[in-house]
Each structure stands twice: as C-alpha cells, then as structure tokens.
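Understanding the architecture of this molecule
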Amino acid sequence: MTRKPKPPARQPILPRDELWNEFLQRLAGPEACNFRNDQWTCFGDMRFTQKLLRDMGMDEDSIEVSIAYFNDHAGYCDCEVVFNVGPKR
Ligand SMILES: [Zn+2]
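This report concerns the structure included in the present document. Since this is a predicted model, take the numbers as computed values, not measurements.

Definitions and limits used
- Residues numbered from 1 in each chain as written.
- Predicted model: local features only at pLDDT ≥ 70, side-chain atom pairs only at ≥ 80, totals over all residues.
- Helix = DSSP H or I, 4+ residues; strand = E, 2+ residues; numbered from the N terminus.
- Buried ≥ 20, exposed ≤ 12 C-beta atoms within 10 Å, placed from the backbone.
- Contact = placed C-beta atoms within 7 Å.
- Axes fitted to C-alpha atoms, helices over the stretch in contact; angles between N-to-C directions.
- Parallel < 35°, antiparallel > 145°, perpendicular 65-115°, else oblique.
- Left-handed = near helix turned anticlockwise from the far one by under 90°.
- Nonpolar A, V, L, I, M, F, W, Y, C, P; charged D, E, K, R; others polar.

On to the overall build of the protein. Scanning the protein for helices and strands turns up four helices and zero strands. Shown N-terminal to C-terminal, the secondary structure of the protein runs as helices and strands in the order α-α-α-α. Of all 89 residues assigned to the protein, the portion counted as buried reaches 24%. If you take every contact in the protein between residues at least 6 apart in sequence, the share linking residues at least 24 apart comes to 60%.

Listed below in structure tokens is the structure:
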C-alpha cells in the first residue's frame with residue numbers, strides 16, 4: 001500500500017495536537033460557546049465543533065473521527081467538549 005500522508009491540518013484533531021488549544025479557545029470563545037462566568041451557549045449538539053473544525057481545514061471524515069473521539073471522552077455536545085475533553089494534558 002502506498003498512501004501519501006495527509007497534510008496535518010486535515011487530520012482529526014486530538015488533545016495532543018498543536019492546534020488543540022487554539023480549537024478549544026475558539027470553542028469556548030465568542031464565536032461559539034461564549035463562556036462568561038456561569039453562562040454559555042450550547043445547543044446540545046456539535047454544531048460549533050463541526051463549524052470550527054471545518055474552518056480549520058478539516059475534511060468531513062476527519063471531523064467525524066474527531067467527534068467520535070470526543071464522544072469517547074464524554075464530550076457529547078459543544079460545552080462538554082470544553083468541560084470533559086478539555087485542555088491539553
Ligand atoms: Zn452542551
């Protein structure tokens with residue numbers, strides 16, 4: 001099998017990636033969940049996560065893999081990705 005490696009930005013994003021903190025900051029920021037004190041915006045789905053990952057150049061397959069990873073780590077909606085998947089460890 002000869003498969004070319006994909007460019008890094010199009011691979012699924014995971015907490016070990018360099019882009020992870022940028023993604024998380026944007027997800028928590030005013031363009032998405034907009035966390036302020038104890039209030040934030042969340043529709044109970046992954047709409048902001050999907051939009052941001054698309055913005056960051058990820059293809060649909062990679063977005064799906066990323067979301068499956070978030071689900072595995074108790075991130076079932078946008079705010080839970082921030083709370084439960086969380087900052088880079
Ligand atoms: Zn939520």
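Running from N to C, helix 2 (residues 47-55) and helix 3 (residues 60-72) cross one another at 135°; their axes reach a closest spacing of 10 Å. In terms of their interaxial angle, helix 2 and helix 3 are classed as oblique. Judged by the twist between their axes, the crossing of helix 2 over helix 3 is right-handed. Of helix 3, the residues touching helix 2 (which contributes Thr49, Gln50, Leu53 and Arg54) are Ile63, Ser66 and Ile67. In the contact of helix 2 with helix 3, the residues fall into three nonpolar, three polar and one charged.

Residues Asp78, Cys79, Val81, Val82 and Val85 constitute the buried set of helix 4 (residues 78-85). The inward-facing, buried residues of helix 4 abut helix 1 (20-28), helix 2 and helix 3. Just past helix 4, the residue Gly86 takes up positive phi, approximately 70°.

Inspection of the secondary structure puts Asn84 in helix 4. For Asn84, a count of 13 C-beta atoms within 10 Å gives the class partly exposed. In this view, Asn84 contacts His73, Ala74 and Gly75; residues no more than four positions away in its chain are not counted.

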